[in-house]
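Coordinate inspection notes
Next come the chains, spelled out residue by residue.
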Amino acid sequence: KFAKISGEPVKQQIGEILVVTAKTDANNEAIERAEKTSSAVCVARDWTNLPPNLMGPPEFASQVSGYMKDVKVDVEILDEKALAKQGFGGILAVGGGSDRPPRLVRASYNPRGAKKHLVLIGKGITFDSGGYNLKPAGSMITMKNDMSGAADVMAAIHAIAELGLNVQVTAYGAMAESLVSGRAYRPSDVMTMHDGTTVENGNSDAEGRIVLADAISRANQDKPDL
């Protein structure tokens with residue numbers, strides 16, 4: 001979906017894939033499923049590979065919103081003001097050190113007749129410096145990939161909707177950029193999470209469980225089966 005970011009034109013290695021098969025309903029269904037699933041995998045991979053200067057939480061949330069426009073998936077994006085109003089103290093703390101504020105993205109697919117409700121929750125740390133528990137240089141080079149969980153669940157719900165699966169699905173992406181600044185959260189800070197639980201920060205590089213705790217609290221309000 002995304003062209004590789006390079007100073008030189010990138011030649012496409014494969015122009016076309018031709019599948020020769022007997023024309024049956026089962027084969028057609030298998031091909032459609034493979035096509036839509038592989039497309040979702042590519043989107044998640046491309047999001048994950050984008051450099052962090054181009055993929056902060058607001059940009060990631062905007063990408064998800066645009067991606068869902070061709071399927072029956074409703075998207076709700078909570079910005080920093082909505083997060084503060086609704087008490088998402090964990091996501092706000094983790095994203096507080098960045099000039100690019102955090103987001104919580106909720107995508108919902110609810111086909112008629114669905115009897116089960118699945119919730120998927122993904123970590124969306126668009127860059128993880130470790131905060132004041134700073135990562136060593138060698139460990140930081142891959143930290144643009146720390147948002148791959150959110151990329152996966154958003155790509156998954158798109159594929160589920162495209163395939164028309166008969167299950168209600170809600171996907172949450174907890175998106176923040178963990179950096180160091182005068183606004184960044186510190187070890188020993190106490191945060192009030194979305195469900196009212198107070199949490200003492202013992203390690204700013206444990207940011208994933210903090211944003212996910214807020215997202216899980218919100219997801220519990222949906223009363224999912226799984």
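Below is a short write-up of the structure. (Residues numbered from 1 in each chain as written. Predicted model: local features only at pLDDT ≥ 70, side-chain atom pairs only at ≥ 80, totals over all residues. Heavy atoms only, no water.)

It is worth spelling out the packing of aromatic side chains at this point. Scanning all chains against the criterion turns up two aromatic pairs. Between Trp47 and Phe60, the aromatic rings sit 5.6 Å apart at their centres with planes inclined by 65°, giving edge-to-face as the arrangement. Of the two residues, Trp47 is situated in helix H1 (residues 25-49) and Phe60 in helix H2 (residues 57-67); the sequence distance between them amounts to 13 residues. Owing to a relative accessible area of 1%, Trp47 belongs among the buried residues under this scheme. Members of the aromatic cluster, connected to one another through ring pairs, are Trp47, Phe60 and Tyr67. (Phe/Tyr/Trp six-rings, centres within 6.5 Å; stacked < 30°, edge-to-face > 60°. Helix = DSSP H or I, 4+ residues; strand = E, 2+ residues; numbered from the N terminus. Buried < 20%, exposed > 50% of the residue type's maximum accessible area, 1.4 Å probe, protein only.)

Our next topic: the nonpolar core. Judged by nonpolar contacts, the single largest core of 29 residues is most densely connected at Trp47, Phe60, Val64, Met68, Val73, Met154 and Ile157. Among the elements of the structure, H1, H2, strand S2 (103-109), helix H6 (148-163) and strand S4 (168-178) are those that each provide at least two residues to this core. Residue contributions to this core peak at nine residues, all from H6. With near-sequence residues (within four places) excluded, Val64 lies in contact with Trp47, Val105, Met154 and Met175. Judged by nonpolar contacts, the second largest core, of 19 residues, contains Phe88, Ile125, Tyr185 and Ala215. (Core = buried A, V, L, I, M, F, W, Y, C linked by side-chain atoms within 4.5 Å. Contact = heavy atoms within 4.5 Å.)

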